[in-house]
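So the chains spell out like this:
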Amino acid sequence: MEKRKLGRTGLEVTTCCLGTMTWGQQNTEAEGHEQMDYALDRGINFFDTAELYSIPRDEKTQGSTERIIGSWFKDRGARDKVILASKIVGRTDATWYRDRDDLTECRMTKDQVDEAVEKSLTRLQTDYIDLYQLHWPDRVAPIFGGKMRKEHYAADYEPFEEILSHLNDHVKKGNILHIGLSNETAFGVMRFLAESDKHDLPRVQSIQNAYSLVNRTFEEALEEVCVHEEVSLLAYSPLAQGYLTGKYRNGAEPESSRKKLFHMLGRYEKPHAEDAINSYVDLAAEKGLDPAKLAIKFCDTRHFVTSTIIGATTMDQLKTCLDAFDMEWSDELEKEVNKLHARQPNPCP
Ligand SMILES: NC(=O)c1ccc[n+]([C@@H]2O[C@H](COP(=O)([O-])OP(=O)(O)OC[C@H]3O[C@@H](n4cnc5c(N)ncnc54)[C@H](OP(=O)(O)O)[C@@H]3O)[C@@H](O)[C@H]2O)c1
């Protein structure tokens, strides 16, 4: 499996990153372990998780995915074979991540960063996390397809420099090796980079944002920032949470699919989404390709994508996702997907 540089870290990660967020609810511990064994056998060296997981977010299952990875590390003695990415939650009024009764919000304050890092390390049964990411910003920002309203600009937020300084305390201890962002904007990336330059604080090495055939918004402002600044894009939801496989076509809801189980795929059900998704599934059929492979290989062939974070709930799905990286991409496919994109740009931001 091909490897690419992760930001300026000196690390080389595989172009396929193993997503984990279904382990703990939709998948059992044994299934998570089986996926990690298989991924390692196929040459993958990069796993992504979060303190929030498993999904859907729930107080009762929070932390279950990190625990499953931790038990696998212990059982297989495989910690040194994996570049591990995890995340601290962004600003949220779901306070179950922390142990304080008086808390009204999770924020990226020093005490909360300390608690989050320590708890993740314990669940993961490791003494370091290679890449520690901010899952979404502490400030109000135009993310997940949302828009800013005038009053949002007046809302307080933990200053960029402060957040970097809290993270730096853990870099100095060796708890985390590098830092990254997620669900961030061009404004956020530039502000973090400016503060790290100014105060000699850890540099943001990556950004984990949604990127797929039906959401290429990264190409608007973030691509220019990230290419110039060598910030790696880790593309999540390359299959639009399953939609780009065609499995939900004409209102279908297959048994044990994320949609059937959790009814949580609104992001991919916006106006024009269905039409756009169908057009890519039809393109795959016309070319005799598996639509999942087409969608994943599209991400993999973007010059600004360092790693594509895949997700699977069965071993068959996992095999298909990994095989996608071996697929040939052609000028013809490039032309066809760009034609469809021009017709229906970014219906699922
Ligand atoms: N930073 C963030 O905010 C964020 C957000 C989302 C994800 N992520 C990361 O990215 C990873 C991947 O995200 P994702 O799960 O949304 O990715 P995705 O590739 O868009 O969707 C994966 C889902 O599609 C279905 N699927 C996969 N292969 C299939 C196939 N060959 N045929 C039919 N269905 C198939 C499976 O769901 P069903 O079996 O349920 O249909 C699978 O769980 C996550 O595990 C997480 O690490 C990060």
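Below: a short report on this structure. Not measured: the values here are computed from a predicted model.

Another aspect to go through is the packing of aromatic side chains. In this description, an aromatic ring pair is defined by two values, namely the gap between the centres and the angle between the planes. Inspection of every chain in the model, using the stated rule, returns 11 aromatic pairs. Geometrically, the ring pair formed by tryptophan 96 and tyrosine 97 is tilted, given 5.6 Å between the ring centres and 35° between the ring planes. Classification of tyrosine 97 by relative accessible area gives buried; the value is 2%. Measuring from ring centre to ring centre gives 5.7 Å for tyrosine 157 and phenylalanine 160, while their planes differ by 70°; the resulting arrangement is edge-to-face. By relative accessible area, which is 34% here, tyrosine 157 ends up partly exposed. In this structure an aromatic cluster arises from ring pairing among Tyr211, Phe218, Phe298, Phe304 and Trp329. In this arrangement the basic side chain of arginine 79 is found over the ring face of tyrosine 128, its NZ or CZ atom lying 3.9 Å from the centre.

Right, let's get into the site of the ligand. Surveying the vicinity of the ligand reveals 32 residues, the closest of which are Gln26, Asp48, Lys247, Arg258 and Thr313. With respect to the ligand, the backbone of threonine 20 contributes an N or O atom lying 3.1 Å from an oxygen atom. Arginine 258 has a polar backbone atom sitting 2.6 Å from an oxygen atom of the ligand. When isolated, the ligand has an accessible area of 910 Å², and the protein chains bury 93% of it. When residues of the shell around the ligand are traced back to their parent elements, those giving at least two are strand S10 (305-310) and helix H10 (315-324). At 3 residues, the largest contribution of residues to the shell around the ligand is made by H10. Split by residue class, the shell around the ligand holds 12 nonpolar, 16 polar and 4 charged.

Looking now at the sheet that holds strand S7 (residues 176-182). Spatial ordering of the closed barrel is given by S3-S4-S5-S6-S7-S8-S9-S10, a layout of 8 strands whose pairing is parallel. Across the sheet, the mean angle from the axis of one strand to that of its neighbour is 30°, orientation sign disregarded. Alignment of strand S4 (residues 46-48) against strand S5 (residues 83-88), held across 3 bridges, turns out to be parallel. Across the sheet, aspartate 48 pairs through a bridge with alanine 85, a residue of S5.

Attention now moves to helix H9 (residues 291-300). The buried count for H9 comes to 9 of 10 residues, which makes it a mostly enclosed element. Pro291, Ala292, Leu294, Ala295, Ile296, Lys297, Phe298, Cys299 and Asp300 are the residues of H9 that are buried. Where H9 starts, the residue carrying a side-chain oxygen 2.7 Å from the main-chain nitrogen of alanine 292 turns out to be aspartate 290.

Overall, the coordinates contain 1 cavity of 30 Å³ or more when judged by the stated rule. Volume-wise, the largest cavity comes out at about 50 Å³. Lining the largest cavity are Met108, Leu134, Pro137, Asp138, Arg139, Tyr157, Glu158, Phe160, Ile163, Glu184 and Phe192. Here the residues of the lining of the largest cavity sort into 7 nonpolar, no polar and 4 charged.

Counting 96 residues, the largest nonpolar core has Leu18, Phe47, Tyr211, Val214 and Ile310 as the members making the most contacts within it. With 7 residues, the top contributor of residues to this core is helix H8 (residues 273-286). Once residues within four sequence positions are removed from consideration, phenylalanine 47 is found in contact with Cys17, Leu18, Met36, Ala39, Trp72, Val82, Ile83, Leu84 and Ala85.

In this structure, the amide linkage connecting tyrosine 53 to the following residue, serine 54, adopts the cis form with an omega of 20°. For serine 54, the location among the structural elements is in the loop between S4 and helix H2 (64-76). A positive phi angle, close to 50°, is found at glutamine 125, a residue other than glycine. Assignment of secondary structure puts glutamine 125 in the loop between helix H3 (110-124) and strand S6 (129-134). The backbone of asparagine 183 shows a phi angle near 50°, a positive value even though the residue is not glycine.

Glancing now at the side chain of glutamine 26. Along the polypeptide, glutamine 26 turns up in the loop between strand S3 (16-19) and helix H1 (29-41). Take glutamine 26: its relative accessible area is 15%, and that puts it in the buried class. Of the polar contacts made by the side chain of glutamine 26, one reaches the backbone oxygen of serine 256; its length is 3.1 Å. Aside from chain neighbours lying at most four places away, what touches glutamine 26 is Glu31, Ser256, Ser257, Arg258, Leu261, Phe262 and Thr313.

Let us look at H8. Structural remark: α-helix, 3.6 residues per turn; residues separated by three or four positions point the same way. Across its 14 residues, H8 extends 20 Å between first and last C-alpha, which sits within 8% of the 20 Å expected from 1.5 Å per residue. Looking one or two residues beyond H8, the residue adopting positive phi is glycine 288, at roughly 70°.

The next thing to look at is the pairing of strand S8 (residues 204-210). Here is the key point about a regular strand: its side chains alternate between the two faces of the sheet. Summarising burial for S8: 7 of the 7 residues are buried, a large majority. Pairing between S7 and S8: 3 bridges, direction parallel. Directly across from leucine 181, in S8, lies its bridge partner isoleucine 207. One crossover worth recording links S7 to the parallel S8 by way of helix H5 (residues 186-199), and it is right-handed. Both S8 and strand S9 (residues 232-236) contribute to a ladder of 5 bridges, which runs parallel. For asparagine 209, the partnering residue across the bridge sits in S9 and is alanine 235.

Each value, and the rule that gives it
Chains are numbered independently. Their residues run from 1 in the order of the written sequence. Selection of residues for local features in this predicted model requires a pLDDT of at least 70, selection of side-chain atom pairs for listing and counting requires 80 or more, and totals for whole chains, interfaces and linings are taken over all residues. No hydrogens and no water enter the side-chain calculation; it runs on all heavy atoms of the structure. Each Phe, Tyr or Trp ring, with Trp reduced to its six-membered ring, pairs with another whose centre is within 6.5 Å; inter-plane angles below 30 degrees give stacked pairs, above 60 give edge-to-face pairs, and intermediate values give tilted ones. Type-normalised accessible area, obtained with a 1.4 Å probe on protein chains alone, sets the label of each residue: buried when under 20%, exposed when over 50%, and partly exposed for intermediate values. By definition, being over a ring means that NZ of Lys or CZ of Arg is both within 6 Å of the ring centre and within 35 degrees of the ring normal. When we say a residue is near a molecule or strand, we mean one of its heavy atoms is within 4 Å of it. Residues adjacent in sequence count toward polar contacts only when both atoms are side-chain atoms; beyond that, a polar contact is any pair of N or O atoms within 3.5 Å, and within protein one must be able to donate a hydrogen and the other to accept it. Accessibility throughout is a Shrake-Rupley quantity obtained with a 1.4 Å probe, and a residue counts as covered only by protein chains that appear here. A run of H or I in DSSP becomes a helix once it reaches four residues, and a run of E becomes a strand once it reaches two; helices and strands are each numbered from the N terminus. Residues are grouped as follows: Ala, Val, Leu, Ile, Met, Phe, Trp, Tyr, Cys and Pro are nonpolar; Asp, Glu, Lys and Arg are charged; every other residue, Gly included, is polar. We call two strands paired when DSSP finds no fewer than two bridges between them. Lines fitted to C-alpha atoms define the axes, with helix axes restricted to the stretch in contact, and inter-axis angles between N-to-C directions lie between 0 and 180 degrees. Lining residues are defined by having an atom within 4 Å of a point belonging to a cavity or pocket. Those points lie on a 1 Å grid over the protein atoms alone, cavities being sets where a 1.4 Å probe fits but cannot get out and pockets being open sets with protein on both sides within 12 Å along at least five of seven lines. Grid points are joined across faces, edges and corners, and a volume is the space filled by probe spheres set on the points. Within this scheme, the nonpolar core is defined by two criteria: the residues are buried Ala, Val, Leu, Ile, Met, Phe, Trp, Tyr or Cys, and they are joined through side-chain atoms within 4.5 Å. The contact criterion used throughout is that any non-hydrogen atoms of two residues lie within 4.5 Å. Every helix has an expected span of 1.5 Å times one less than the residues it contains. If the strands point away from the viewer and the path from the first strand over the helix to the second runs clockwise, then the crossover is right-handed.

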